[in-house]
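# Summary of the model geometry
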Amino acid sequence: MRYIAWILSVLVAVTLFLFQKVEGGPAEVTLVHTSNVTGHLFPCPS
Amino acid sequence: MEKDRAEGTPVLVVDSGDLFFMTKAKVDPEKASAKARLIGRAYRRMAAVAVNVGDLDLLQGLDFLRKEASQGLPLISANLLDPSSRTPIFDPYVIQKVSGIRIAFFGLLSPNFQPEIADPMRKTVGERIFIKDPVEAAQEMVLKLRDKVDMILLLSDLGNYREHELVKAVPGIHFVFGGPEGRGLAQPNREGKTYMFQSYAKGMYVGKLRLTIKNPGLPFQDEGRVSRLQGEIRNLDRHLQDLQKQQAGQPNPEVAQRIQWIQQQKARFQEQLRQFSGAPSQENHFLWTLEPLNASLSEDEDIKGWIQEAGIDPD
C-alpha cells in the first residue's frame, strides 16, 4: 500500500512538472519605475 | 501594483535615483530627513527590489543612506566607491529571479554634480566618496553579469545624453530606466537593441513596463508601436477626408499633391502595421505606459497613518 502511494505521488509530481513545461507559456513580469521623487511624499498634480 | 500582484503577475518596483531630497536651499533639514525616512519606509513596504543612489540622495550624507540600507532598503550603485578601498559603498547590483527569468539591476550616478549641489555635497560627503567613470563601471557590470542572468537593466541617474553614449559604448543592456531631468517618455528611446525609459518626477507618474518573455536571448518588440501606428493612420484618415472634401468643392493641384503624399504615408504605416501584427512573433514583447498618480487612486492606509503620525503636511 505504501509503495502504491509513493508511486502515485511520484507520478503526480512528474505530471505536474511536464504540464508546467508544456503549458507554461511566456513569462510575464511588470516593472514599476519611479525617478526624481526628490522627497515628495505627496505627488505633485500631474 | 496590488492588483497586478493579486492577479499573480510578479511586480518589481525600482527607482532610478534622487528619491529622498531636493535641491531647494530653504528646506528644513529635519523635516526633509523625516520625509526621507518615511519614503524609505514606504519603498520597503512596496517591496522595492532596487533603488539607485542619485547625486541628490547624497545631500544629507552617507550615514542616512547606510541606515536605510541596513533597514532593508535595497540601495545600489556600481560606481559610488569608497575612495581608499575603491570598493562599492552599496551593493553594485541585485539579481531577481521571477517566473524563471533572472533579471539583474545595476545602478550608476554621474561624476559631474549639478552646480547648485556641488557645494552642499562637499560638506556632506566631501572626500568620503569616489565616483568611478560610468562607462567603465557599466562595462565591468555587463561582463560580470551577462553569464549569470537573462536580462540586464540599468537604473541611471546619468541623464539622457550620457545614457545614449553609455549604451552605444556598452552593448548588452536590455533596458535603461533613467530620468534625472524629470521628463517623461510616452514612447521609449532606442539605441541599438536597448530601450530607454523615463517617468517624470516628484511622484507625478510611475512608469509601468509589462514584459512578456518567450526567450530572454531574443530581442524585444514594442507592443505600444501598434497602437501608435493605428493612431497615426486615424490622424491621416481625418486629414485625408478634409482635403478630399476641399478638393471636391474646388480642385487645386497643390491639394491633390498633398492627398497623394498622405495616401503614400498611410500605405507605409499600414504596411508596417501589417508586418508588426501579422504572424505571431517568437520575439519578446514589452508595453510601456506612464500612469498618473492622482487622487482617484486609493491610498495605503498604513502609509497614510505613518504620515499622520509623523505630522507631515502635504508639499
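Residues numbered from 1 in each chain as written. Chains lettered and ligands numbered in written order. Predicted model: local features only at pLDDT ≥ 70, side-chain atom pairs only at ≥ 80, totals over all residues.

### Side note on the sheet that holds strand β9 (residues 175-178) of chain B
Residue and element names in this part refer to chain B. Taken in spatial order, the six strands make up an open sheet running β5-β6-β8-β9-β11-β10, and their pairing is mixed. Unpaired on one side and paired on the other, β5 (93-98) and β10 (189-191) mark the two borders of the sheet. Neighbour-to-neighbour, the strand axes of the sheet open up by a mean angle of 25°, direction not taken into account. Examined bridge by bridge, strand β8 (residues 151-157) and β9 share three bridges and lie parallel to one another. In the sheet register, Leu154 faces β9, and the bridge partner there is Val176. Sheet strands touched by helix α5 (residues 134-145): β5, β6 (101-109) and β8. Its angle to β6, the strand with the most contacts, is close to 165°. Most of the contacts of helix α6 (residues 160-169) go to β9, to which it runs at about 160°, and overall it touches β8, β9, β10 and β11 (194-198). (Pairing = 2+ DSSP bridges. Helix = DSSP H or I, 4+ residues; strand = E, 2+ residues; numbered from the N terminus. Axes fitted to C-alpha atoms, helices over the stretch in contact; angles between N-to-C directions. Contact = placed C-beta atoms within 7 Å.)

### Here's the deal with the domain arrangement of chain B
Examined at the domain level, chain B breaks down into domain 1 (2-207 + 295-310) and domain 2 (224-276). A straight line from the C-alpha centre of domain 1 of chain B to that of domain 2 of chain B covers 43 Å. (Domains from an automatic or database assignment.)

### So, the sheet that holds strand β3 (residues 75-76) of chain B
Sheet architecture is open: seven strands sit in the order β3(B)-β2(B)-β1(B)-β1(A)-β12(B)-β14(B)-β13(B), paired in mixed fashion. The two strands at the open ends of the sheet, each matched to only one other strand, are β3 and β13 (220-222) of chain B. Note: strand β1 (residues 27-34) of chain A against strand β1 (residues 11-15) of chain B, five bridges, orientation parallel. Of the residues in β1(B), the one forming a bridge with A:Leu31 is B:Leu12.

### Things to note about the environment of B:Asp55
Residue and element names in this part refer to chain B. Tracing the chain through its elements places Asp55 in the loop between β2 (50-52) and α3 (62-70). A tally of 24 C-beta atoms within 10 Å means that Asp55 is categorised as buried. Placed 54 residues apart in sequence, Asp55 and Leu109 show a C-alpha to C-alpha distance of 6.5 Å. If near-sequence neighbours (up to four positions away) are discounted, Asp55 is found in contact with Leu109, Ser110, Phe113, Gln114, Ile117 and Asp157. (Buried ≥ 20, exposed ≤ 12 C-beta atoms within 10 Å, placed from the backbone.)

### Focus: the interface of chain A and chain B
Taken together, the contact pairs 20 residues of chain A with 55 residues of chain B. Among the residues making up the side of chain A that touches chain B, the classes are represented as ten nonpolar, nine polar and one charged. Of the pairings in the sheet, the one linking β1(A) to strand β12 (residues 205-213) of chain B comprises seven bridges and is antiparallel in character. Opposite A:Val29, over in β12(B), you have B:Leu211 as the bridge partner. (Nonpolar A, V, L, I, M, F, W, Y, C, P; charged D, E, K, R; others polar.)

### A look at the pairing of β9(B)
All names here are of chain B. Going residue by residue along β9, you find Phe175 and Phe177 tucked away on one face and Val176 and Gly178 tucked away on the opposite face as well. Read as a crossover between parallel neighbours, the route from β8 over α6 to β9 is right-handed. Bridge analysis of β9 against β11 gives four bridges, and the strand direction is parallel. Bridging across to β11, Phe177 finds its partner in Phe197. (Right-handed = clockwise from strand over helix to strand, strands pointing away.)

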